[in-house]
Amino acid sequence: MSDLLIKNGHLIDPANGVDGPMDIHVDKGVIVKVGKKLAVQARKIIDAKGMWVTPGLVDMHVHLREPGYEYKESIKSGGESAAAGGFTSVVCMANTDPVNDCASITEFILEAARKASPVNVFPVGAVSQGLQGQTLANIGEMAEAGVVAVSDDGKCVMNTALLRDAMTYAGMFGLLVLEHAEDHDLTTGTHMNEGPISSELGLIGAPSVGEEVMVARDIALAEYIGGAIHFCHISTAGAVEMIRAAKKRKVKVTAEATPHHFTLTEEACRRYQANAKMAPPLRTQRDVEAVRKGLADGTLDVIATDHAPHAKVEKEVEFEKAPFGVVGLETAVGLALELVRTGVLTRTRLVEVMSLNPARILGLDRGSLPPGAVADITIIDPEVEWIVDSTKFRSKSCNTPFEGWTMKGRASYTIVKGKVVYKNAD
Amino acid sequence: MASDMALSGKSLVSMEDLSADQIMQILSTAALMKEISEREVKKAPTLRGRTVINFFAEPSTRTRTSFEIAGKRLSADVINISASSSSLSKGETLKDMAANLQAMKPDLLVARSPHSGVPYMMSQWMTCPVINAGDGRHEHPTQSLLDLMTIQERKKDMEGLKVTILGDILNSRVARSNMIAMTKLGMIVTACGPATMLPMNISRMAHHHTTDVAEAVRGADVVMALRIQKERLEGCKFPNVREYSRYFGLTAAHMKHTASNSIVLHPGPINQGVEISPEVVEGPWSVIMNQVTNGVAVRMAALYLLLGGAQPQV
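Model, not experiment: these values are computed from the prediction.

1. Topic: the packing of aromatic side chains
- Enumeration over the complete set of coordinates arrives at 6 aromatic pairs over all chains.
- Taken together, a centroid distance of 5.4 Å and an interplanar angle of 55 degrees make the contact between Tyr169(A) and Phe173(A) tilted.
- Relative to Phe319(A), the ring of Tyr272(A) has its centre 6.5 Å away and its plane inclined at 75 degrees; by these criteria the two rings are edge-to-face. Of this pair, Tyr272(A) sits in the loop between α9 (259-263) and α10 (285-297) while Phe319(A) sits in the loop between α11 (312-315) and α12 (332-341), and the two are 47 residues apart along the sequence. Both residues of the pair, Tyr272(A) and Phe319(A), count as buried.
- An aromatic cluster is defined as three or more aromatic residues linked by ring pairs; in this entry it consists of Tyr272(A), Phe319(A) and Tyr120(B).
- When the ring centre of Phe324(A) is taken as reference, the NZ or CZ atom of Lys277(A) above it lies at 4.7 Å.

2. Thoughts on the nonpolar core
- Residues Phe231(A), Met354(A), Leu109(B) and Met122(B) are the most contacted members of the largest nonpolar core, which totals 112 residues.
- It is α12(A) that contributes the most residues to this core, 7 residues altogether.
- Contact partners of Phe231(A), with chain neighbours within four places excluded, come to Glu179(A), Ala181(A), Met214(A), Val215(A), Asp218(A), Ile219(A), Ile243(A), Val253(A), Thr254(A), Ala255(A) and Glu256(A).
- Judged by nonpolar contacts, the second largest core, of 64 residues, contains Met15(B), Ala44(B), Ile169(B) and Ala175(B).

3. Thoughts on the interface of chain B and chain A
- Each side of the interface is counted separately: chain B has 21 residues, and chain A has 18 residues.
- Both sides together, the interface formed by chain B and chain A hides about 1600 Å², and carbon and sulfur atoms give 57% of it.
- It is His115(B), Ser116(B) and Tyr120(B) that lose the most area in chain B upon contact with chain A, and together they represent 28% of the buried surface on that side.
- Linking chain B with chain A are 1 salt bridge.
- Among the ionic pairs, Glu316(A) bridges to Lys95(B), the shortest N-O distance being 3.2 Å.
- Connecting chain B to chain A are 8 residue pairs in polar contact (both at pLDDT 80 or more).
- Looking at the side of chain B that touches chain A, the elements that each hand over two or more residues are α4 (94-103), α5 (118-125) and α8 (202-205) of chain B.
- Split into classes, the residues belonging to the side of chain B that touches chain A amount to 10 nonpolar, 6 polar and 5 charged.

4. Points about empty space enclosed by the protein
All names here are of chain A.
- The tally for this structure, following the rule as stated, stands at 2 cavities of 30 Å³ or more.
- Around the largest cavity sit Ala 84, Gly 85, Glu 330, Thr 331, Val 333, Gly 334, Trp 386, Arg 410 and Ala 411, which together line it.
- Listing elements by their share of the lining of the largest cavity, those giving two or more residues are α12 and β18 (406-416).
- Grouping the constituent residues of the lining of the largest cavity by class yields 4 nonpolar, 3 polar and 2 charged.
- The computed volume of the second largest cavity comes to approximately 40 Å³.
- Around the second largest cavity sit Ser 81, His 307, Val 327, Gly 328, Leu 329, Glu 330, Thr 331, Phe 393 and Ser 395, which together line it.

5. Thoughts on the sheet that holds β18(A)
Residue and element names in this part refer to chain A.
- Pairing is mixed in the open sheet, where 6 strands are placed in the order β3-β2-β7-β17-β18-β19. Two strands lie at the open edges of the sheet, namely β3 (18-21) and β19 (419-423), each paired on one side alone. Averaged over neighbouring strand pairs, the angle between their axes works out to 25 degrees when direction is ignored.
- Bridge analysis of β18 against β19 gives 4 bridges, and the strand direction is antiparallel. Across the sheet, residue Ile 415 finds its bridge partner in β19, namely Val 420.

6. Describing the environment of Val388(A)
All names here are of chain A.
- Looking at where Val 388 falls in the secondary structure, it is placed in the loop between β17 (377-387) and β18.
- Note on Val 388: relative accessible area 1%, which makes it buried.
- Through-space distance from the C-alpha of Val 388 to that of Phe 402 is 6.7 Å; in sequence the pair is 14 residues apart.
- Other than its neighbours up to four places away in sequence, Val 388 contacts Thr 331, Phe 393, Phe 402, Glu 403, Gly 404, Trp 405 and Met 407.

7. Concerning the confidence of the model for chain B
- Across chain B, pLDDT averages 93, with 95% of residues at or above 70.
- Taken together, the chains of this predicted complex give a pTM of 0.94 and an interface ipTM of 0.90.

8. Concerning the pairing of strand β2 (residues 10-13) of chain A
- Here β2(A) shows no split at all, with His10(A) and Ile12(A) on one side and Leu11(A) and Asp13(A) on the other all buried.
- Between β2(A) and β3(A), which follow one another and run antiparallel, lie 4 residues, and Gly17(A) among them has a positive phi close to 65 degrees.

9. So, the pattern of salt bridges
All names here are of chain A.
- In this structure the tally under the stated criterion is 31 salt bridges over all chains.
- Between Glu 200 and Arg 270 there is a salt bridge, with its nearest N and O atoms 2.8 Å apart. Placement of Glu 200 in helix α6 (residues 196-201) and of Arg 270 in the loop between α9 and α10 is noted, with a sequence separation of 70 residues between them.
- Among the residues examined, Glu 200 registers a relative accessible area of 38% and is labelled partly exposed.

10. Thoughts on the domain arrangement of chain A
All names here are of chain A.
- Segmentation of chain A into domains returns domain 1 (2-53 + 373-423) and domain 2 (57-362).
- The C-alpha-based centres of domain 1 and domain 2 are spaced at 25 Å.
- Contacts between the two partners involve 36 residues from domain 1, matched on the other side by 48 residues from domain 2.
- When domain 1 packs against domain 2, the two sides together hide about 3200 Å² of surface, and 65% of this comes from carbon and sulfur.
- Counting across the domain 1 and domain 2 interface gives 1 salt bridge.
- A salt bridge links Asp 19 to Arg 347; the shortest N-O distance between them is 3.3 Å.

Parameters at a glance
Residues numbered from 1 in each chain as written. Chains lettered and ligands numbered in written order. Predicted model: local features only at pLDDT ≥ 70, side-chain atom pairs only at ≥ 80, totals over all residues. Heavy atoms only, no water. Phe/Tyr/Trp six-rings, centres within 6.5 Å; stacked < 30°, edge-to-face > 60°. Helix = DSSP H or I, 4+ residues; strand = E, 2+ residues; numbered from the N terminus. Buried < 20%, exposed > 50% of the residue type's maximum accessible area, 1.4 Å probe, protein only. Lys NZ or Arg CZ within 6 Å of the ring centre and 35° of its normal. Core = buried A, V, L, I, M, F, W, Y, C linked by side-chain atoms within 4.5 Å. Contact = heavy atoms within 4.5 Å. Buried area = accessible area lost by both parts, 1.4 Å probe. Salt bridge = Lys/Arg side-chain N within 4 Å of Asp/Glu carboxyl O. Polar contact = N/O pair within 3.5 Å; in protein donor to acceptor, adjacent residues only side chain to side chain. Nonpolar A, V, L, I, M, F, W, Y, C, P; charged D, E, K, R; others polar. 1 Å grid on protein atoms, 1.4 Å probe; cavity = no way out; pocket = protein on both sides within 12 Å on 5 of 7 lines; lining within 4 Å. Points joined across faces, edges and corners; volume = space filled by probe spheres on them. Pairing = 2+ DSSP bridges. Axes fitted to C-alpha atoms, helices over the stretch in contact; angles between N-to-C directions. pLDDT = per-residue confidence, 0-100. Domains from an automatic or database assignment.

Take a look at the structure:
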C-alpha cells in the first residue's frame, strides 16, 4: 500500500488539542506523523488547502437493513452512502430480519461488511430476543462476536425489569445499552408530534411526554443501579433538560441528537409529507432550540443520523401507512456545518460530537489522529455549495426531507485505514 | 359571474380551501340544485359527458349514495370504486392508484378514506379536481356544506348564530370542517364533549368549550350531536356507552334551555339513546332528514362549480 500525505489542511483533532494548519503522513493504514509543513515524500498527496481535516466521522446510529430488507439498503450501499457523507464508521442497529440477537447474525454482518462496505461497520446487538422485549438476547456471545453495544432501537425497552437486567448484564461485557426512549402506551397509533398541526391534519399525535417519561425512568434506573445508559435521538426540550440535570448529578448518561431534529419542526409534516415522518417525530421550534443548546453545552454528546432507508413506494402511501424514518448519511455534514456557521457549535465541538464522542462512548479506537492511530480521516470542504438531489444518493433509498435544499459544506475525501474510499467529484 | 370561475378546476379538500363568499356561492347554487330533486324528471343535462369517479376506501352508504345521485341528476357518468374492489387491497400504493385513475381521464374524483390526507394527496397526483368525501379524522367538507345549508334554510342569517357541537370533537372530521366553516361565517361555536375527546388546542378551534352539556346548549340556536364510534372508543375515552349517554347524551330536557326555534343536527348514522335520545331525533327541533336531502343538493352544487359551471342552467 502506498503512503499518503495530506498537506495544507486545517486539522481539527480535539482529543489532541489541535485546531490549526497541520500535515498528516499516513503509511500502512496508520498515522505516522502529524506536524506543520511535513517534509515527507509520499507516493500519494492530497492538497487539503482550505479544507478541514478531521478524525473520520462516526455515525453511531444507522439502519443498514441487511439482512432482510436489502431492497431498502444493504451493507454495501449503506457503507457507500456513509463514505459519501464523510463517515468512516457506522454503527448499525439490530432491527434487521432476522434480528441481530445472536452471534451468527453478528458474524454475518461483519463478514458482509468486510466484503462489501468501504467503511467500518460496527454492529449493535439486540437487548431482547427478536426485539420482543421479553427475554434477554444472547448478549455475551454477541459481545464475543463483535457487537459494540446493545439496543432494541425502533422500540423502547418497555419492561423496566428487563432493562435493569440488560444494563447490568451487558455492563459485565463492557457494553452500553442504547435506549430508544418512547412510551409505546402513549404513542402507539401516532404519526407525528402532538400539537395544533397534528390536530389540523387529523393525525393522531405523539406527545413529547411519550419520550420524556422514559428518559425520566431510565435516568432514575441508571442512577439507582449506578449503571450507564445512552439515549438515542433526543427530540424534546424536556428530555434535554432532564439529561442536563442528570449529568450534573454525575449519572452515567449520554445522548445523541439527529440532524433532522436540530433542523426541522413538525411544520415539515404539512401537506402529508411522508418523508417528514419518523420516530421520534419532528417537534416544535422550542424543542429544536433546546436540542441545539444541548449539543452546544455538552448535554447532548453526539450527532447521529438515525439513517433509516425506506423504498420510495413505501412512502408513496397514506401518511398513516408510511413507515417511520428518513435517510441521513449524505446530508448530515451539510446540516451540522450550518450549526457551526450560525455559531451554535465551534468546529472543535462539531468534531467532538461527530467523531470523538461516539468513538469514546462505544469504546472504539477511533475519533482522534495521534501517531499510531488507525488512519480514518475525513476531509471536509466547509465552503462548497451543493443542492440535495436524492437521485444522486449512494443510498438505495431517497426518503429525505431535505430534497432540493442548498447546503454549504460536504466531505471532499473519506479515508478509511489510509485508503481513499470516497472523493467528491462534483 | 367572475367568482364562479374561482372554484372551477379547484379541489375541495378542506373548508380552509373556501372563502366565506365561496361557501355562500355554493349554498346559493345548492338552493337552485335542490329544485331539480323536486321535479318529476329529476335530471338536468348540465354535466353530460363528464365522468365522475367515486373512490370510497371506507364503507359509506349515505355519502356515497348522495354523491352518486348528485352526479346522476346532473347527467354525469358516475363510477363507484369501493375499497374491496380497488387494488389498494392488493398492495398497490396510493400513488399507483392515483396514476391508474388518472389514466382513465376522469373529470372529477370524489375520495373517501379512513386515512387523513388521502384526498389531498390524490389532488396532488391527479390533474382533475378532487372532492374530499371524508378522510380519517381530518375533514368532511361536503358534510359541513350540507349542515350549513340546513342551518341557512331555517335561520336565514347565519352570522352571530350560537352553535353547539357535542360529542367526540377529537376524532370527528365533521366537527373539524364545521368549526373552520362556522367561525368563517361568523357563528359562535361552543365545543362540548368528554375531556378525553376535546383536542388539546380546542381553544384555537372553537370560541368556547366545556364538558358540561347543560351549559353548552344553554341559549344555543343550533345543536349538532356527533356520532360516537362506540366500537372503537368504549373503554378508553369513556368507560361505557351507558355512562357516556348519562353525561353526554342530548335529551329533550337539554333542549328546553336552548334558544326558541332552535334546531338539532346529526351527521348520521345515529346511535339512538347514546349521543342523542329518540325524543330529540323525532322532536320538533330535528332537521336531520333535511340534512340528508340537502346533502344531494350541495354535492350537485360542488360538482357543478368545480367542473366549471358558470350560470346554473336548471
